[in-house]
Amino acid sequence: MKLYRLSLPVLAALTVCSCDEIENQFPQGSGLTTKQDQTAVEAAPELAEASFEGLFSMMGYPNYALGGSRPDDYGYVMMAMCNDLEGADCIFPNSNYNWFSVCGELSSRTASYANPRIRYATPYNQIKLANDIILSLSGSENPENINKIAQCRAIRAFAYEQIAPSFQFLSELNAPCVPLVTEKTTDFTNNPRATVQEVYNLIFEDLNYAIDSLAGYKRDNKARIDQQVAYGLRARAYLALGKYAEAAADAEKAMQGYTPASIEEVSKPSFCDIEEHNWLWGYDMTTTIAALYPYASCSAWICSFSGEGYSTGTGCYAMINTLLYNKIPATDVRKGWWVDENLESPNLAGVDWAGTKGNAVAPLAIDDVKEPFEPYTNVKFGMAAGVGSTNNNSDWPFMRVEEMILIQAEGLAKSGNEAKAKEVLTNFVKTYRDPAYDLADVRNLNDEIWKQRRIELWGEGFFVSDANRLQKPIVRFHDSEPCNQPEDFAFNLKVDDGWRLLRFPQSEMNTNFGIEDNKDGSKPTVGQEGTLRDGVTD
């Protein structure tokens, strides 16, 4: 097995070189020249075809943003992992095999690094593809074409929803956010940052169109977007801007006909198959796509059961921060989504890795295949092809009904209907996660809802955007309490710390002269702000 990692200086050097090679072939769409377009066509024929199928397959496609063979380049799934690893609850070890150490130490603000470039290029590459399809079908009255335009506009809204919170605090509606690129954009070299309000105006325009146009549409697989997914995306947008009653209403529409995974269903590794009944929308990772570069996949990184993965092969396992783990009651089935300090979890009971079964799987070592689990390693995410398989074709959830329920609860609580919010929250947790759940001792309902989001959606990419919209500090450690945060990653960030926002990649600023970069804040120092508390892990 070929497992490798580049040091930060080498990564920086590689990225500088790629500004003249790889990165200029795959610009974000607002700096696309004729020559670059031709180069992109030669490097990736699917861009030339602007195929509708490609609009969805690219979302978790290995090496799509920068090309080459990078195990940290796999679309929105990679972005989701970064969003959690830059937060408090999800941890990778600080080892030489951790390609995401830039997230742990928050050096991911360096403009020449590949990590932020991937996270910028991924959504803008998809925006460009969506724009191409919209433009090519513009004016068509064919219902099928209108349906495609609607899904393209929903995808475009999703892309902006993913990137906007990384570049500006959404409470600052008039502050500069990210450039807008639509099918009508013509000036790509002087395309300044639109305001938060302008970005969300486009998001709502696109989603309103999608919701209206997708009425009655029956998709043939859950990788596509139907009206309920569009409602879910709009619920997220309303939540982001603090329009809570609207968020609750849209979340309720999105979840119609879906039920959460049962206690029994989540009592074993899962969250890896798009056909799971609680998924509204997901990435369908085919065997063919996974085989292109198996290390650039969720199976290789966040799943702890791959026979050919970075996490298993190097011991770079995704772990939960003990500050949060210790707040999960023993009666909650989700406590078993991670092994404990003794490497045990009831969720391993039915696991069999080449004849090693149950909790014995955790300390199992197989040369060049599997290192023993670390304490608090996740066993939440299963292996679609089976434990120990080298087929890294696990799917990825973009939207689950459980998220919609939690949006509904938060929306109700913050729009003046706390009684209904408590009813929704209690019914979900007590029925589907913890039969002993009781809200009687909860000090703050809003913090409790965030706690449930942090547990339920752990590893799925919501932490930093949630912390920013909720105006919560990022608390990775307590100065008075031990935790498993690696020493170099042990620091906290205040609510208004400008370092919480990404910087624009150098390659973008080299081609779009209208960009003014984020400049506030500085790289955190180990041990800083140890007295901060977030209302959940206190």
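The structure this text deals with has already been given above.
Now for a description of the structure that goes with this document. (Residues numbered from 1 in each chain as written. Predicted model: local features only at pLDDT ≥ 70, side-chain atom pairs only at ≥ 80, totals over all residues. Heavy atoms only, no water.)

## Comments concerning the packing of aromatic side chains
Between two aromatic rings, the relevant description is the distance of the centres plus the angle of the planes. Overall, the coordinates contain 29 aromatic pairs when judged by the stated rule. Ring centres of F52 and F56 lie 5.3 Å apart, and the angle between their planes is 80°; this geometry places the pair in the edge-to-face category. A residue pair is termed a helical-turn pair when its members lie 3 or 4 positions apart in one helix, as F52 and F56 do in helix α5 (residues 52-57) at four residues. Both residues of the pair, F52 and F56, count as buried. Ring centres of Y120 and Y124 lie 4.8 Å apart, and the angle between their planes is 40°; this geometry places the pair in the tilted category. (Phe/Tyr/Trp six-rings, centres within 6.5 Å; stacked < 30°, edge-to-face > 60°. Helix = DSSP H or I, 4+ residues; strand = E, 2+ residues; numbered from the N terminus. Buried < 20%, exposed > 50% of the residue type's maximum accessible area, 1.4 Å probe, protein only.)

## With respect to empty space enclosed by the protein
Scanning all chains against the criterion turns up nine cavities of 30 Å³ or more. Size it by volume and the largest cavity reaches roughly 610 Å³. In this structure, the largest cavity is lined by 38 residues; those nearest its centre are N83, E161, Q162, G461 and S465. Counting only elements with at least two residues in the lining of the largest cavity, the list comes to α6 (75-85), α9 (143-167), α11 (227-240), β6 (396-400) and α20 (463-469). Here the lining of the largest cavity takes seven residues from α9, the largest share from any one element. (1 Å grid on protein atoms, 1.4 Å probe; cavity = no way out; pocket = protein on both sides within 12 Å on 5 of 7 lines; lining within 4 Å. Points joined across faces, edges and corners; volume = space filled by probe spheres on them.)

## Digging into unusual backbone geometry
Here the phi dihedral of N63 falls at roughly 65°; this positive angle occurs in a residue that is not glycine. Residue N63 is classed as buried on the basis of its relative accessible area of 12%. The backbone of E529 sits at a positive phi, close to 55°, despite the residue not being glycine. When you line up the elements, E529 lands in the segment after α21 (506-511).

## Here we look at the environment of S389
Looking at the element boundaries, S389 is found in the loop between β5 (356-357) and β6. Residue classification places S389 among the buried residues on the basis of a relative accessible area of 17%. The spacing of S389 and F305 is 84 residues in sequence and 7.8 Å in space, taken between C-alpha atoms. Residues within four places of S389 in sequence aside, it is in contact with F305, S306, G307, E308 and M383. (Contact = heavy atoms within 4.5 Å.)

## Some remarks on the side chain of N147
You can see N147 is positioned in helix α9. If near-sequence neighbours (up to four positions away) are discounted, N147 is found in contact with L214 and Y217.

## Focus: the layout of surface pockets
Taken as a whole, the largest pocket encloses approximately 370 Å³ of empty space. Along the wall of the largest pocket there are 19 residues; nearest its centre are D441, V442, R443, E448 and K451. Its residues assigned to classes, the lining of the largest pocket comprises five nonpolar, three polar and eleven charged. In this model, the second largest pocket occupies a volume close to 260 Å³. Of all the elements in the fold, those that place two or more residues in the lining of the second largest pocket are α17 (401-414) and α18 (418-432). Among the elements that line the lining of the second largest pocket, the one with the most residues is α18, at six residues. Residues of the lining of the second largest pocket, tallied by class, amount to eight nonpolar, five polar and three charged. (Nonpolar A, V, L, I, M, F, W, Y, C, P; charged D, E, K, R; others polar.)

## Focus: α18
Taking 1.5 Å per residue as the helical rise, α18 with its 15 residues ought to reach 21 Å, and the 21 Å between its terminal C-alpha atoms agrees with that figure. Among the residues of α18, those classed as buried are A421, V424, L425, F428, V429 and Y432. Projected down its long axis, α18 shows its buried positions confined to an angular sector of 110°, all on one face. Those residues of α18 that are buried are in contact with α17 and α19 (445-456). (Expected span 1.5 Å × (residues − 1). Arc of directions from axis to C-beta.)

## Thoughts on the nonpolar core
In globular proteins that are soluble, nonpolar side chains generally tend to be buried together. Core analysis: the largest hydrophobic core is formed by 145 residues, its most contacted members being F100, Y160, Y200, W281 and W301. For this core, the leading source of residues is α9, giving twelve residues. Those residues in contact with Y200, other than ones at most four positions away along the chain, are A164, P165, L170, A237, A240 and L241. Membership of the second largest hydrophobic core comes to 14 residues, among which are Y317, W353, F373 and V379. (Core = buried A, V, L, I, M, F, W, Y, C linked by side-chain atoms within 4.5 Å.)

## Comments concerning the packing of α11 against helix α12 (residues 244-254)
The contact between α11 and α12 brings their axes to 8 Å, and the two run at 160°. As the angle between them shows, α11 and α12 are arranged roughly antiparallel. α11 and α12 meet at a crossing whose hand is left-handed. Mapping the contact onto sequence places Q228, Y231, G232, R234, A235, Y238 and L239 in α11 and Y244, E246, A247, D250, A251, K253 and A254 in α12. For the contact of α11 with α12, a count of residues per class yields eight nonpolar, two polar and four charged. (Axes fitted to C-alpha atoms, helices over the stretch in contact; angles between N-to-C directions. Parallel < 35°, antiparallel > 145°, perpendicular 65-115°, else oblique. Left-handed = near helix turned anticlockwise from the far one by under 90°.)

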